[in-house]
Amino acid sequence: MAQKVNITTLAEMKRAGEKITMVTGYDYPFARLLDESGIDTILVGDSVGVVVAGYKDTLPVTVDEMIYHGRAVIRGTDRALVIIDLPFMSYQISIEDAKLQAGRIMKETGAGAVKLEGGVTMKETIRALVDIGIPVCGHIGLTPQAVNQLGGFKVQREKERLMQDAIAVAEAGAFALVIECVPSEIATEISQALDIPTIGIGAGNGCDGQVLVLHDMLSLFDRFRPSFVKQYANLGEETKKAMLEYSREVKAGIFPGDEHSFK
Ligand code: KIV
């Protein structure tokens, strides 16, 4: 088995100038495929609520749901670092809550880290989690749990605020920072200013790594596709083709043939 990726590995990758790959994963079969493909980190994102459960945003996702998906991903992963999102309202009310819920996620899944959204306002929360031994990945820019406050899924352009948020997350002891939907120039400047690795999504090529939502890049989710997503395969079309063929064969009495039947 290849050496397991941990938060120290990611720090070393940044120092060596080696780009970090992150993809979201929500279940056992895909976790196996991502891990066998050599993806460095699998994010069990609360995007599960949108691309798997069909909600309009990530707000309804619960800690129990994150634990369910996190456990499945952990079972399918040998090498990649698995990071699990703290869902909406599991860490915003109080630091005690954040410790309790992050602790549950770590304890009940075996994940290597958690991720939470927010910059300056989350500094104390991140510090409190790191102080009790829970590695935290930050997330700034477009923070989907705040979609109602942000007035929609929009590119975030306030350079000063973004830089302050990034520095706050790093100073609090986070091991990495996701930067979402931010102009390339700003994300590059933040990446150069921080010692911790930045992972961009819709944030250009100057970040230390990249993350995409699995179902977007494989075309398994067609309700909308942000312009920053590259489609690497069309598994949606492949699935439909397979189902049409199966349906045709069943209706024509072709499937199951002798080779798929017991004697
Ligand atoms: O939930 C998620 O998938 C995420 C990524 C978009 C970074 O937070």
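Residues numbered from 1 in each chain as written. Predicted model: local features only at pLDDT ≥ 70, side-chain atom pairs only at ≥ 80, totals over all residues. Heavy atoms only, no water.

From N to C terminus, the protein includes eleven helices and eight strands. A globule of 263 residues ought to have a C-alpha radius of gyration of about 18 Å, and the protein, at 20 Å, matches this closely. Each principal axis of the C-alpha atoms in the protein carries an extent, and together these give about 65 × 40 × 35 Å. For the protein, with 263 residues in total, the buried portion stands at 49%. (Helix = DSSP H or I, 4+ residues; strand = E, 2+ residues; numbered from the N terminus. Rg over C-alpha atoms; globule rule 2.2 N^0.38 Å. Buried < 20%, exposed > 50% of the residue type's maximum accessible area, 1.4 Å probe, protein only.)

Residues in close proximity to the ligand include Thr24, Leu43, Gly45, Asp46, Ser47, Asp85, Lys115, His139, Val178, Glu180, Ile201 and Val213, which together make up its full environment. Side-chain polar atom of Asp46 to an oxygen atom of the ligand: 3.0 Å apart, as the coordinates give it. In this structure, Asp85 approaches the ligand through a side-chain N or O atom, which is 3.1 Å from an oxygen atom. Relative to its unbound accessible surface of 260 Å², the ligand loses 96% to contact with the protein. (Near = heavy atom within 4 Å. Polar contact = N/O pair within 3.5 Å; in protein donor to acceptor, adjacent residues only side chain to side chain. Areas by Shrake-Rupley, 256 points an atom, 1.4 Å probe, with all protein chains shown as cover.)

Moving on, we come to helix H11 (residues 235-251). The terminal C-alpha atoms of H11 lie 24 Å apart, and with 17 residues this matches the ideal 24 Å at 1.5 Å per residue to within 8%. Following H11 by one or two positions, Gly253 has its phi on the positive side, about 75 degrees. (Expected span 1.5 Å × (residues − 1).)

Once that is clear, we can look at the pattern of salt bridges. All told, the structure shown has 16 salt bridges when counted by the stated rule. In this structure, the salt-bridge partner of Asp40 is Arg79, at a minimum N-O distance of 3.1 Å. Here the residue Asp40 occupies a position in the loop between helix H2 (28-36) and strand S2 (41-44), and Arg79 occupies one in the loop between helix H4 (63-75) and strand S3 (81-85), the gap between them amounting to 39 residues. Arg79 matches Asp40 in its accessibility class, with the two residues each being buried. Here Asp57 ties to Lys56 by a salt bridge, and the two come within 3.1 Å at their closest N and O atoms. A relative accessible area of 65% places Lys56 in the exposed class. (Salt bridge = Lys/Arg side-chain N within 4 Å of Asp/Glu carboxyl O.)

This next bit is on the pairing of strand S7 (residues 198-201). A two-sided burial pattern is seen for S7, the buried positions comprising Thr198 and Gly200 on one face and Ile199 and Ile201 on the other. Note that strand S6 (residues 176-180) and S7 share four bridges and pair parallel. Within S7, the residue paired with Glu180 across the bridge is Ile201. Remark: the S6/helix H9 (residues 184-193)/S7 crossover connection has right-handed handedness. Judged from the two bridges that link them, S7 and strand S8 (residues 209-212) form a sheet pairing that is parallel. For Ile199, the partnering residue across the bridge sits in S8 and is Gly209. (Pairing = 2+ DSSP bridges. Right-handed = clockwise from strand over helix to strand, strands pointing away.)

This part is about the environment of Ile95. Mapped onto the elements, Ile95 comes out in helix H5 (residues 95-109). In this structure, the C-alpha to C-alpha distance between Ile95 and Asn234, residues 139 residues apart in sequence, is 42 Å. Contacts of Ile95, omitting those with residues within four sequence positions, involve Glu124, Thr125 and Ala128. (Contact = heavy atoms within 4.5 Å.)

Once that is clear, we can look at the packing of aromatic side chains. By the definition in use, this model includes two aromatic pairs. Geometrically, the ring pair formed by Phe221 and Phe224 is edge-to-face, given 5.7 Å between the ring centres and 90 degrees between the ring planes. Centroid distance Tyr246 to Phe255: 6.0 Å. Interplanar angle 65 degrees. Geometry classified as edge-to-face. Accessibility expressed as a relative area gives 34% for Phe255, which makes it partly exposed. (Phe/Tyr/Trp six-rings, centres within 6.5 Å; stacked < 30°, edge-to-face > 60°.)

Let us now look at helix H8 (residues 159-171). Here H8 spans 18 Å end to end across 13 residues, near enough to the 18 Å set by a 1.5 Å rise per residue. Every buried residue of H8 is accounted for by Leu162, Met163, Asp165, Ala166, Ala168 and Val169. Residues of H8 that are buried in the fold lie against helix H6 (123-131), strand S5 (136-141), S6 and H9. Of the residues trailing H8, Gly173 is marked for its positive phi of about 105 degrees.

Right, let's get into the confidence of the model for the protein. Model confidence for the protein is summarised by a mean pLDDT of 97, while 100% of its residues fall at 70 or above. Here helix H7 (residues 147-150) stands out as the least confident element of the protein, with mean pLDDT 96; S2 is the most confident, with 99. (pLDDT = per-residue confidence, 0-100.)

Turning our eyes to something else, we now look at the environment of Phe221. Along the chain, Phe221 turns up in the loop between helix H10 (214-217) and H11. Sequence separation between Phe221 and Ser37 is 184 residues, and the spatial gap between their C-alpha atoms is 21 Å. With residues up to four places along the chain from it excluded, the contact list for Phe221 reads Val50, Val51, His215 and Asp216.

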